[in-house]
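As a plain string of letters, each chain reads:
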Amino acid sequence: MDITQNILLTIMTAATPLLIAAIGELVVERSGVLNLGVEGMMVIGAVCGFAATALSGSPWIGMLAAVAAGAVFSLAFGVLTLSLAANQVATGLSLTLLGLGLSGMIGESFVGSAGVKLGSLHIPVLTDIPLIGRLVFGQDPIFYISLILTGGVAWFLFRTRAGLTLRAVGDNHASAHALGINVLKIRYLAVMFGGACAGLAGAHLSLVYTPQWVENMTAGRGWIALALVVFASWRPWRVLGGAYLFGAVSIGQLHAQALGFGIPSQFLSALPYVATIVVLVIISRDRRLTLMNTPASLGRPFVPDR
Amino acid sequence: MHIELQKRPVPSRLFAVLSPFIALGLTLVAGAILFMALGKNPFDALYSFFIEPLTEIWSLHELTIKAAPLILIAVGLSVCYRSNNWNIGAEGQFIMGGIAGSLVPILMPGFQTWLTLPLMLLLGMAGGAAWGAIPAYLKTRFNTNEILTSLMLVYTAQLFLDWLARGVLRDPNGNNFPGSVRFPAAAELPEIMPSAGGAHYGIVLAIIAAFIAWFMLRYTLNGFEVRVLGANPRAGRFAGFSQKRMTFFAFLLSGGLAGLAGIAEVSGAIGQLRETISPGYGFTAIIVAFLGRLNPLGAIAAGFMLALTYLGGEAAQMTLGVSDKVGRVFQGLLLFFVLGCDTLIHYHVRLVWRKATAAAGGQA
């Protein structure tokens, strides 16, 4: 029975970085901005989190550093796409390329050094409840943050005035502007929130999932997070479902590799990427539904007239 | 303080020419700051990064070897991006081209005639085009976002190559090292000047491809279609141009050229199929395409420029002792500045201070 709990735990741990990064990107895209730089911001978060932990000795400081680094790094994207109205697809790509390069440089002296793991919650009695104790009361802090983030974003987007404003900006920036809403300011805030989330997701990788620094350790998770947003039709709770589904796929393939089955390990490793394609195809097949769900101004630059 | 944009009535011709150079200049400034932060003399550092690799014959050959795949891929991507199709999986198409072309010398080692090499190059193109056709098909048939699918196919291709090079295609006499048999001479893309250095005919293929693509874009109906559908899809539809056909064309062309680059790299520079065959050429070529302003001829100059960042990274590591990752940082910075400077072409850019804005009506 404990095996079930262990497997569920590993699935949740694998899903958490995907969930956090995707929730951040969801807010960005709801405001009408497509930031393809998630992978880059995530890897910057991972390396800054690891470096700050190594220098300060505290993984909590590392976590905060990762969040700050992600947000600051996303500002570069913001200046280009919002203030200079540059092409969002290309700028997002360049953010990813720059992030992968910079993180390799920052992290070079940390390769191979032992990391500090962000400790898991432990409440006497409660954590020891059989079957569910560790699932509910014994996980890492970032896991709990990810749930709070999901709930918080769902509440913010659909239950608050500010959330309504953000969605209005994403659906029709010209009208929002005409109503006196500061479109660019809201988009800047959204982009930085997305950056902070991606940074936190990176911190989860280098402080919880595998507490060490390896170059390119995000291994495409930022891109899978982007796919999750589409998969979830821009709805926070569906992102949660999607992230756990992907967590299950990636943990499932790891177990399958351990068991062998005579399938080459490379084929199993490719499974999460192939699954992403399959899921995207299924979800986008209905053109009308996609059009209805996609923020209408997504990816279109906005230049305020005077 | 904030930035205010005002649309130009017509795009500025001056900045269309100047913007890549301004971007290069800004990258150099940023690089100097970066080297200073690393505690190096910025002038020495920039010299050994950007100039030193150009002072010796052998390193010019190295430059050409690295520029060839970058240009080949970027030419295809330029056409693709112009048509508003976002193929960012050229790295995967490069790998699949390398695999498909390598099948000839690996599976038919006895087949060594003048036909061997052309057959390999054709198969390489076909392999890359086939891999590129997948996102095109999914986009046209199921409306699936091509950015994400083409990228996922990169990871898939990398793992597939890893499996081949360690498994079925591994050299049985290779002491269990990954990698195929070494190609016979008939399967190797010849060197241009074997006495002086290793530059192979890949660069010739690249330049020919660039000129053909440039001619196609500028003087043929097909090229006109690319430009119209890219700039204004609605107008293109009214003109009776098919967007689906264009998506296929763009992906088959860019995939085919990436595949050709892949087999040229394997047969010209490496000489066998290994578990990794690309130091990220498919991604760097995206930067090349944008630095060349999505013009196939511009891609030639831009390709050499980016090839220099590969060599500069290695040189900086050897002479300065800084990480060779500096090269990757330069590549990223360059694309950033290129995209930022492109704004100058379409807009008047003004810096506005807070107070002035308040007077103008509190506009953001």
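Residues numbered from 1 in each chain as written. Chains lettered and ligands numbered in written order. Predicted model: local features only at pLDDT ≥ 70, side-chain atom pairs only at ≥ 80, totals over all residues.

Looking only at helices and strands, one finds 14 helices and zero strands in chain A. Across chain A, helices and strands are ordered from the amino to the carboxyl terminus as α-α-α-α-α-α-α-α-α-α-α-α-α-α. The C-alpha radius of gyration of chain A comes to 19 Å, within 12% of the 19 Å expected for a compact globule of 306 residues. With 306 residues in all, chain A has 53% of them scored as buried. A separation of at least 24 residues holds for 78% of the contacts in chain A among residues at least 6 apart in sequence. (Helix = DSSP H or I, 4+ residues; strand = E, 2+ residues; numbered from the N terminus. Rg over C-alpha atoms; globule rule 2.2 N^0.38 Å. Buried ≥ 20, exposed ≤ 12 C-beta atoms within 10 Å, placed from the backbone. Contact = placed C-beta atoms within 7 Å.)

Helix and strand counts for chain B come out as 14 helices and two strands. Across its three principal axes, chain B shows a C-alpha extent of roughly 80 × 60 × 35 Å. Within chain B, residue pairs in contact and separated by at least 24 positions form 77% of the contacts whose partners lie at least 6 positions apart.

In terms of nonpolar packing, the biggest core is built from 222 residues, with Ala 22 and Leu 228 of chain A together with Ile 71, Leu 72, Ile 73, Ala 74 and Val 288 of chain B touching the most fellow members. Among the elements that line this core, the one with the most residues is helix H9 (residues 183–209) of chain A, at 18 residues. Leaving out residues up to four positions away in the same chain, Ala 74 of chain B has contacts with Ala 285, Val 288, Ala 289, Gly 292, Ala 299, Ala 302 and Gly 303 of chain B. (Core = buried A, V, L, I, M, F, W, Y, C linked by C-beta atoms within 7 Å.)

Counting residues at the interface gives 44 residues for chain B and 47 residues for chain A. Of all the secondary-structure elements, those providing two or more residues to the side of chain B that touches chain A are strand S1 (2–7), helix H5 (116–142), helix H6 (146–166), helix H11 (281–291) and helix H13 (326–346) of chain B. Here the side of chain B that touches chain A is composed, by residue class, of 26 nonpolar, 13 polar and five charged. (Nonpolar A, V, L, I, M, F, W, Y, C, P; charged D, E, K, R; others polar.)

Let us look at the environment of Gly 236 of chain B. Residues and elements named next belong to chain B. As for its position among the elements, Gly 236 is in helix H9 (residues 233–238). Residues Gly 236 and Glu 225, 11 residues apart in the sequence, show an inter-C-alpha distance of 7.2 Å. Excluding residues within four positions of it along the chain, Gly 236 makes contact with Val 228, Leu 229, Phe 241 and Gln 243.

This brings us to the environment of His 346 of chain B. Residue and element names in this part refer to chain B. Examined against the element boundaries, His 346 turns out to sit in helix H13. Residues His 346 and Pro 9, 337 residues apart in the sequence, show an inter-C-alpha distance of 8.3 Å. In this structure His 346 touches Lys 7, Arg 8 and Pro 11, once residues within four positions along its chain are discounted.

Before going further, it helps to examine helix H10 (residues 243–270) of chain B. Over its 28 residues, H10 of chain B extends 39 Å from the first C-alpha to the last, a length consistent with the 40 Å expected when each residue adds 1.5 Å. Counting buried positions along H10 of chain B gives 23 out of 28 residues, so the element sits mostly inside the fold. (Expected span 1.5 Å × (residues − 1).)

Residues and elements named next belong to chain A. As a packed pair, helix H2 (residues 38–56) and helix H10 (residues 221–231) sit with axes 7 Å apart at the nearest point and diverge in direction by 130 degrees. Comparing the axis directions of H2 and H10 gives the class oblique. Once H2 is placed against H10, the crossing between them reads as right-handed. Of the residues in H10, those in contact with Val 38, Glu 39 and Met 42 of H2 are Arg 221, Gly 222, Trp 223, Ala 225 and Leu 226. Taken together, the residues of the contact of H2 with H10 sort by class into five nonpolar, one polar and two charged. (Axes fitted to C-alpha atoms, helices over the stretch in contact; angles between N-to-C directions. Parallel < 35°, antiparallel > 145°, perpendicular 65-115°, else oblique. Left-handed = near helix turned anticlockwise from the far one by under 90°.)

Let us now look at helix H12 (residues 296–320) of chain B. All names here are of chain B. The end-to-end C-alpha separation of H12 is 35 Å, in line with the 36 Å expected for 25 residues at 1.5 Å each. The sharpest bend along H12 comes to roughly 25 degrees, located at Ala 302. Downstream of H12 by one or two residues, Gly 321 has phi in the positive range, about 75 degrees. (Bend = angle between axes of the 7 residues up to and from the residue.)

Attention now moves to the confidence of the model for chain B. Residue and element names in this part refer to chain B. Confidence in the prediction of chain B, expressed as mean pLDDT, is 87, and 97% of residues score 70 or more. Under a pLDDT of 50 for its full length, residues 356–364 has, in the predicted model, 10 contacts with residues more than four places off or in other chains. Model confidence for the complex is summarised by a pTM of 0.90, with the ipTM given as 0.87. (pLDDT = per-residue confidence, 0-100.)

What follows concerns unusual backbone geometry. One non-glycine residue, Ala 85 of chain A, lies in the positive phi region at around 50 degrees. Assignment of secondary structure puts Ala 85 of chain A in the loop between helix H3 (59–83) and helix H4 (88–107).

All names here are of chain A. Look at helix H1 (residues 2–30) against helix H11 (residues 236–259): their axes get within 7 Å of each other, and the N-to-C directions meet at 135 degrees. The orientation of H1 with respect to H11, classified from their angle, is oblique. Taken as a pair, H1 and H11 cross one another with a handedness that is right-handed. Contacts between H1 and H11 involve Ile 7, Thr 10, Ile 11, Met 12, Ala 14, Ala 15, Leu 18, Leu 19, Ala 22, Ile 23 and Leu 26 from the former and Pro 236, Val 239, Leu 240, Ala 243, Tyr 244, Phe 246, Gly 247, Ala 248, Ser 250 and Ile 251 from the latter. Of the residues assigned to the contact of H1 with H11, the class counts are 18 nonpolar, three polar and no charged.

Relative to the assigned elements, Asn 145 of chain B resides in the loop between H5 and H6. Exposure remark for Asn 145 of chain B: the 20 C-beta atoms within 10 Å place this residue in the buried category. Between the alpha carbons of Asn 145 of chain B and Arg 293 of chain B there is a distance of 24 Å; along the sequence they are 148 residues apart. For Asn 145 of chain B, the residues in contact, after removing those within four places along its chain, are Val 230, Leu 280 and Ser 284 of chain A.

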